[in-house]
Amino acid sequence: MNQIPRREFIKLSGAMGAGLAGWPLLSRAAEAGNKSARPNILVFLTDDHGQWAQHAYGNSELITPNLDRLAARGIRMRQTFTTCPVCSPARASFFTGRMPSQHGIHDYLDESKNAFTHPGLTGQTLISELLQGAGYHTGLVGKWHCGREREPQPGFDRWFSYWVNQYPHAGVQHFSDQGKQVIEEGQQSPLLTRRAVDFLQDHQQKAGANGQPFFLYISYVDTHSPHNAAPEELVRQYDSATFRDIPDEQFAACHGRATSLVNQDPAIERKKRREYYGAVSSVDREVGKVLAALEATGQMENTLIVYTGDHGLNTGHHGLWEKGNITVPQNFLEESIRIACTLSWPAGGVRQNATCDDLVSHPDLWATLLEIAGAAPGAATAAKINSPGVSYLRQLRGQAAPAWRQTIVSEYGNARMARTEQYKLIRRYPYAGVSFPDELYDLQADPRETKNRHDDPSLQEIIKQLSTELEEFFAKYTVAGHSGLDLEHQPVCAPASPWLAAAKGQK
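All values reported here derive from a predicted model rather than from experimental measurement. (Residues numbered from 1 in each chain as written. Predicted model: local features only at pLDDT ≥ 70, side-chain atom pairs only at ≥ 80, totals over all residues. Heavy atoms only, no water.)

Some details on the pairing of strand 20 (residues 423-428)
Working note: regular strand, side chains alternate between the two faces of the sheet.
Here comes step 1: Within strand 20, six of the six residues are buried, which leaves the element mostly enclosed by the surrounding structure.
Here comes step 2: Here strand 20 shows no split at all, with Tyr 423, Leu 425 and Arg 427 on one side and Lys 424, Ile 426 and Arg 428 on the other all buried.
Here comes step 3: Alignment of strand 19 (residues 415-419) against strand 20, held across five bridges, turns out to be antiparallel. Bridge pairing in strand 20 links Arg 419 to Lys 424.
Here comes step 4: Counting the residues that bridge the hairpin from strand 19 to strand 20 gives three residues.
Here comes step 5: As judged from the four bridges shared by strand 20 and strand 21 (residues 439-442), these two strands associate in the antiparallel manner. The residue bridging Tyr 423 from the neighbouring strand is Asp 442, located in strand 21. (Buried < 20%, exposed > 50% of the residue type's maximum accessible area, 1.4 Å probe, protein only. Helix = DSSP H or I, 4+ residues; strand = E, 2+ residues; numbered from the N terminus. Pairing = 2+ DSSP bridges.)

This is the structure in structure tokens:
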């Protein structure tokens, strides 16, 4: 199919609900049973988009028609967890397949200073390099946030990111186009979408014509605060919303000290929620535009499409706003750590309108994409990376995955979490002489995590078992000089890190 003119693309992508005009729910290739070994790979990884904030994941009021169609055409991983409940460490885990105690980024990188002084992922193998080495045409559009945002990173043929940081969401924008500063004005996400569509059209005309597959990573930030720049026409959709999917809760003292509680003025709180919902719909609209362009260029049939996030977000849940760094000590609340992950590739045998409840995280997605692409690293590189990730391609195709893990691990600086279906253990380690109590939550008896059961005599065996699992896991997946238990000897990521705030408060 020939390249579509810009005017025709805009007409095709349309307004709010028309983003996937012409995008079939059932792929023709899937109907024919065709399975391609080397698909294109399109990954949307958005910022602060909690799993709960999608209609396809159960939200009764959010308007996300394009993400709904993606779910109908694919599989929803319902138990996907971040490796760390803040931006940079989680993204680094996707790009490297490693835990923070391996890649060494333990908090969000302050973009004005620390992103230029912290080593970031320098010298580490990126998924882009592995895919490029396997013959993929690679591109990044949007947020990187793993250090030196303006500089094109290894393995990316096309780079369009930020010059300094991701702000503002609307207004004068400073982008990095292949390392050169570009200044534009407008709503940020549509400007990013334009570059993503350019990549798809350019690929279809050039590399795609020769059979070369592409890998395109797109990262929107509308769902990251501040949300007051969300398109007004989308915010107005929620004028009558009840926000019934957000529990009315008070902050539980067992989680320490909160720095961003729910506003006591209902009008202010309602406004904030309307804006967040509008931001979610904004991301959905942009996703629809990209997928409409993908279909129009004839590349939909053999493209694996992934929609996921870096971590979750509280928008009143537990009486809080924001994520893992909004409490001292840092938290691993469900809304902070759970993320959506929907994958669609009917031509590759991925089930449609299906769900999977296996426990997975970013390194598993890394491994899954590499298996699908035929780009898994060789033995020496794999040993150096030492990823804990395991491909879940079998589950995507409805095949049995015997002996799949029963515990998922996450970490944030000097705190580590082991979570099973029923229990969540949080081990806290001292920093600068300051320490906090360990925590254990029974997620079946207390799903809102209001009571720390760590001192319950009847649960000591559970604590011992999960503690052993954590110790064994990090004994295998830690790189010297990068451990979250040795933060005092590592570069600072952000001046507001919870362990720094705790040490400052103690002094």
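There is more to say after this.
Some words on the environment of Glu 185
Here comes step 1: Within the element layout of this structure, Glu 185 appears in strand 7 (residues 180-187).
Here comes step 2: Glu 185 sits in the exposed class, given a relative accessible area of 63%.
Here comes step 3: Once the C-alpha coordinates of Glu 185 and Thr 223 are considered, the two residues, 38 residues apart in sequence, prove to be 19 Å apart.
Here comes step 4: Not counting the four nearest positions on each side in its chain, Glu 185 is found in contact with Gly 171, Val 172 and Leu 191. (Contact = heavy atoms within 4.5 Å.)

Side note on the sheet that holds strand 17 (residues 360-361)
Here comes step 1: Read from one edge to the other, the open sheet built from three strands follows the order 14-3-17, with strand pairing classed as mixed. Looking at strand neighbours, the two that pair on one side only are strand 14 (338-339) and strand 17, the edges of this open sheet.
Here comes step 2: Across two bridges, strand 3 (residues 80-81) lies against strand 14 in antiparallel orientation. Paired with Phe 81 across the bridge in strand 14 is Arg 338.

Remarks on helix 15 (residues 460-476)
Here comes step 1: Taking 1.5 Å as the rise per residue, helix 15 with 17 residues should run 24 Å; its terminal C-alpha atoms sit 25 Å apart, in good agreement.
Here comes step 2: On the buried face of helix 15, the contacting elements are helix 5 (100-103), strand 18 (408-412), strand 19, strand 20 and strand 21. (Expected span 1.5 Å × (residues − 1).)

So, the packing of helix 4 (residues 87-96) against helix 12 (residues 362-373)
Here comes step 1: At their nearest, the axes of helix 4 and helix 12 sit 7 Å apart, and the two run at 25° to each other. If you check the angle between helix 4 and helix 12, you find them roughly parallel. For the pair helix 4 and helix 12, the sense of crossing is right-handed. Seen from helix 4, the contacting residues are Ala 90, Ser 93, Phe 94, Phe 95 and Thr 96; seen from helix 12, they are His 362, Pro 363, Leu 365, Trp 366 and Leu 369. (Axes fitted to C-alpha atoms, helices over the stretch in contact; angles between N-to-C directions. Parallel < 35°, antiparallel > 145°, perpendicular 65-115°, else oblique. Left-handed = near helix turned anticlockwise from the far one by under 90°.)

Focus on the side chain of Lys 424
Here comes step 1: Among the structural elements, Lys 424 can be located in strand 20.
Here comes step 2: Residue Lys 424 is classed as buried on the basis of its relative accessible area, which comes to 0%.
Here comes step 3: From its side chain, Lys 424 meets the backbone oxygen of Phe 332 in a polar contact 2.6 Å long.
Here comes step 4: If we ignore the near neighbours within four places in the chain, the residues touching Lys 424 are Phe 332, Leu 333, Glu 334, Ile 337, Met 417, Ala 418, Arg 419, Glu 439, Leu 440, Tyr 441, Leu 443 and Glu 449. (Polar contact = N/O pair within 3.5 Å; in protein donor to acceptor, adjacent residues only side chain to side chain.)

Some words on the confidence of the model for the chain
Here comes step 1: Looking at the chain as a whole, its pLDDT mean stands at 93, while 92% of the residues score no less than 70.
Here comes step 2: Throughout residues 1-36 the model reports pLDDT below 50, and contacts reaching past four residues in sequence, or to other chains, amount to 85 contacts. (pLDDT = per-residue confidence, 0-100.)

Considerations on the nonpolar core
Here comes step 1: Within the largest apolar cluster, 49 residues are counted, with the highest numbers of intra-cluster contacts made by Phe 95 and Leu 343.
Here comes step 2: It is helix 12 that contributes the most residues to this core, seven residues altogether.
Here comes step 3: Each residue touching Phe 95, except ones within four places of it in the same chain, is listed here: Leu 121, Thr 125, Leu 126, Ile 127, Leu 140, Trp 144, Cys 146, Phe 156, Tyr 217 and Trp 366. (Core = buried A, V, L, I, M, F, W, Y, C linked by side-chain atoms within 4.5 Å.)

Digging into the sheet that holds strand 21
Two modes of strand pairing occur in sheets, parallel and antiparallel, and in both the strands are linked by backbone hydrogen bonds.
Here comes step 1: Strands sit in the order 18-19-20-21 across an open sheet of four strands; the sheet is antiparallel. The open sheet has two edge strands with one neighbour each: strand 18 and strand 21. Taking each pair of neighbouring strands and ignoring which way they run, the sheet shows an average axis angle of 15°.
Here comes step 2: Examined bridge by bridge, strand 18 and strand 19 share five bridges and lie antiparallel to one another.

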